[in-house]
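If you want the building blocks of each chain, they are given just below.
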Amino acid sequence: SQTIHQWPATLVQPVGSPLSLECTVEGTSNPNLYWYRQAAGRGLQLLFYSVGIGQISSEVPQNLSASRPQDRQFILSSKKLLLSDSGFYLCAWNLGRHTGELFFGEGSRLTVL
Amino acid sequence: SQQGEEDPQALSIQEGENATMNCSYKTSINNLQWYRQNSGRGLVHLILIRSNEREKHSGRLRVTLDTSKKSSSLLITASRAADTASYFCATDANDYKLSFGAGTTVTVRA
């Protein structure tokens, strides 16, 4: 069966520090991978998605970047965090071109102080 | 940008009652999906309804889709305390991407 792992679960970082959130999917090949951000009490904002190794599409210009160094690994990074980067970050995956069910990780809560 | 908009923002009901929430969207879609999120957790897929379908059932869930009105509804029958969560609709505006609404927070009182 397929599983998705996301870490760390909780992170408190000072403004200006770097960030690395990791996401790994097991039990499937060539998944589409996604990073969403959820502000408190809000819906999900799509940040990045990837349909293959090294292929990254950015949805919102911002202080973040994403990389896919391996087929089932998706990394969200920042060189210098801003206060506005605080939020709940969710990794997700699915298969195929026409968007079907998304499978989400448990999320990473980032607080920037 | 958010395509789906849920209504109401919050809903409080007694255990055993039905809960209904609505979703409106702006552009044509291939499918519409509903997800549940327990506090502080990831989202869990509940049901997918395709643009050529009008109604779908899954256990205590009933989803309707009206493409002429660009709207969908999610009905949870005989609610339980475990149904307390936020519910989101999501639409596929373009290939590969799902757009989520702001969600409806449902509280089921014992």
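Relevant structure appears above.
Definitions and cut-offs
Residues numbered from 1 in each chain as written. Chains lettered and ligands numbered in written order. Predicted model: local features only at pLDDT ≥ 70, side-chain atom pairs only at ≥ 80, totals over all residues. Heavy atoms only, no water. Pairing = 2+ DSSP bridges. Helix = DSSP H or I, 4+ residues; strand = E, 2+ residues; numbered from the N terminus. Axes fitted to C-alpha atoms, helices over the stretch in contact; angles between N-to-C directions. Buried < 20%, exposed > 50% of the residue type's maximum accessible area, 1.4 Å probe, protein only. Salt bridge = Lys/Arg side-chain N within 4 Å of Asp/Glu carboxyl O. Contact = heavy atoms within 4.5 Å. Polar contact = N/O pair within 3.5 Å; in protein donor to acceptor, adjacent residues only side chain to side chain. Nonpolar A, V, L, I, M, F, W, Y, C, P; charged D, E, K, R; others polar. Phe/Tyr/Trp six-rings, centres within 6.5 Å; stacked < 30°, edge-to-face > 60°.

Trainee: When you look at the sheet that holds strand β3 (residues 19–26) of chain A in this model, what are you seeing that I'm missing?
Mentor: Paired through backbone hydrogen bonds, the strands of a sheet run either parallel or antiparallel to each other. Residue and element names in this part refer to chain A. The strand order β1-β3-β8-β7 describes an open sheet built from 4 strands, whose pairing is antiparallel. Of all strands in the sheet, those with a lone pairing partner are β1 (3–7) and β7 (65–70), marking the two edges. On average, adjacent strands in this sheet sit at an angle of 20° to one another, irrespective of strand direction. Pairing analysis gives 4 bridges linking β7 to strand β8 (residues 73–78), with the strands arranged antiparallel. Bridging across to β8, A66 finds its partner in L76.

Trainee: Any chance you could explain the pairing of β8(A) here in plain terms?
Mentor: Residues and elements named next belong to chain A. The element β8 is largely enclosed, with a buried count of 5 among its 6 residues. Sheet topology note: the β3/β8 ladder contains 6 bridges and is antiparallel. If you follow T24 over to β8, its bridge partner there is Q73. In textbook terms, the turn of a hairpin is the stretch between consecutive antiparallel strands, and for β7 and β8 this stretch comprises 2 residues.

Trainee: Explain the pattern of salt bridges to me, please; I cannot follow it from the model alone.
Mentor: For side chains of opposite charge, pairing can occur when their charged atoms come near one another. Throughout the structure, instances matching the rule amount to 7 salt bridges over all chains. In this structure, the salt-bridge partner of E59(A) is K97(B), at a minimum N-O distance of 3.2 Å. With E59(A) in the loop between β6 (55–58) and β7 and K97(B) in strand β10 (residues 97–100), this residue pair bridges two chains. Overall, the relative accessible area of 17% leaves K97(B) in the buried class. Residue R41(B) pairs with E106(A) through a salt bridge whose shortest N-O separation is 2.4 Å. In this pair, R41(B) is assigned in the loop between β4 (31–37) and β5 (43–50) and E106(A) in the loop between β10 (103–104) and β11 (108–112), connecting two distinct chains. The exposure class assigned to E106(A) is partly exposed, which follows from its relative accessible area of 42%.

Trainee: Is there a simple way to think about the interface of chain B and chain A in this case?
Mentor: Frequently, the measure chosen for interface size is the accessible area removed from exposure when the parts meet. Listed per partner, the contact involves 22 residues of chain B and 25 residues of chain A. At the boundary of chain B with chain A, the tally comes to 2 salt bridges. The tally of links between chain B and chain A comes to 6 residue pairs in polar contact (both at pLDDT 80 or more). A total of 4 residues in the side of chain B that touches chain A trace back to one element, the largest contributor, which is β4(B). For the side of chain B that touches chain A, the per-class residue count stands at 8 nonpolar, 10 polar and 4 charged.

Trainee: Looking at this structure, how should I read the packing of aromatic side chains?
Mentor: Centre distance and the angle of the planes are the two values used to describe a pair of aromatic rings. A full pass over the atoms with the stated rule returns 9 aromatic pairs over all chains. Between W35(A) and F74(A), the ring centres sit 6.2 Å apart and the planes meet at 25°, which makes this aromatic pair stacked. Residue W35(A) is located in strand β4 (residues 32–38), and its partner F74(A) is located in strand β8; the two are separated by 39 residues in the primary sequence. Of the two residues examined, W35(A) and F74(A), each falls in the buried class. Aromatic pair Y36(A) and F104(A): ring centres 6.0 Å apart, planes at 45°, arrangement tilted. Of this pair, Y36(A) sits in strand β4 while F104(A) sits in strand β10, placing them 68 residues apart in sequence. Of the two residues, Y36(A) and F104(A), neither departs from the other in class, the shared state being buried. What links up through ring pairs into an aromatic cluster is the set Y34(A), Y36(A), Y49(A), F104(A), Y35(B) and F100(B).

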